[in-house]
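# Per-entry structural report
Below are the chains, spelled out letter by letter.
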Amino acid sequence: MFFLRGFRDLAVQPERYRMTMSGETREMGEEGMQKMKMQVVFPRDLLKEVDQVVSRRKRSEFIVEATRKELRRQRLEQAMEKAAGAWSDEGHPELSTLKEVHRWLAQLRAETGRRMEHLHG
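Reference entry: report on the structure contained in this document. Chains are numbered independently. Their residues run from 1 in the order of the written sequence. For this predicted model, a pLDDT threshold of at least 70 governs which residues receive local features, and a threshold of 80 or more governs which side-chain atom pairs are given and counted, while totals over whole chains, interfaces and linings are taken from all residues. Think of the side-chain values as coming from all heavy atoms in the structure, minus any hydrogens and water.

## Points about the pattern of salt bridges
For this analysis, a salt bridge means a side-chain nitrogen from Lys or Arg found within 4 Å of a carboxyl oxygen belonging to Asp or Glu. Applying the stated rule across the entire model yields six salt bridges. Note that Lys58 and Glu61 form a salt bridge whose closest N and O atoms lie 3.6 Å from each other. Only protein chains enter the accessibility calculation, which uses a 1.4 Å probe. A residue is then buried if its area is under 20% of the maximum for its type, exposed if over 50%, and partly exposed in between. On the basis of relative accessible area, Glu61 is assigned to the exposed category, the value being 54%. For Arg73, the salt bridge identified is with Glu77, shortest N-O distance 2.8 Å. One end of the pair is Arg73 and the other is Glu77, both in helix α2 (residues 59–83) and four residues apart, which spans about a single turn. By relative accessible area, which is 25% here, Arg73 ends up partly exposed. Put simply, Glu70, Arg73 and Glu77 are held in one network by salt bridges that share partners. The way it works is that DSSP assigns letters per residue, a run of H or I at least four long becomes a helix, a run of E at least two long becomes a strand, and they are numbered from the N terminus.

Here it is, written out as structure tokens:
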């Protein structure tokens, strides 16, 4: 049994989702991706909201895309949590004021411009 977690963008409680697999795998879709048929139990009010946005024929596509977006968001959140603390103000005193940050950005952009000019003549 699988549980969907997240879906904050859809403003639902994650524990209200339950998925079960039918067990059959087959080739489907334009790209020939392997897909599994499954049953998803939705709260009635949420399903009504989905139906207001997409047609019944597009429900699966909508749910798949919402799941992909949520997975991307969660992976990004995990990466940011993992990288937390990698930057410290003490390690970059030359960027301690907004004026210094603007000066650094201007210098970086100028260097990039010179490199591009050198590469493309």
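## Re the side chain of Glu70
Relative to the helices and strands, Glu70 is located in helix α2. A relative accessible area of 4% means that Glu70 is categorised as buried. A polar contact of 2.7 Å, which involves the side chain of Glu70, links it to the side chain of Arg73. Polar contact criterion, stated in full: a pair of N or O atoms within 3.5 Å, where within protein one must be able to donate a hydrogen and the other to accept it, and residues adjacent in sequence count only if both atoms are side-chain atoms.

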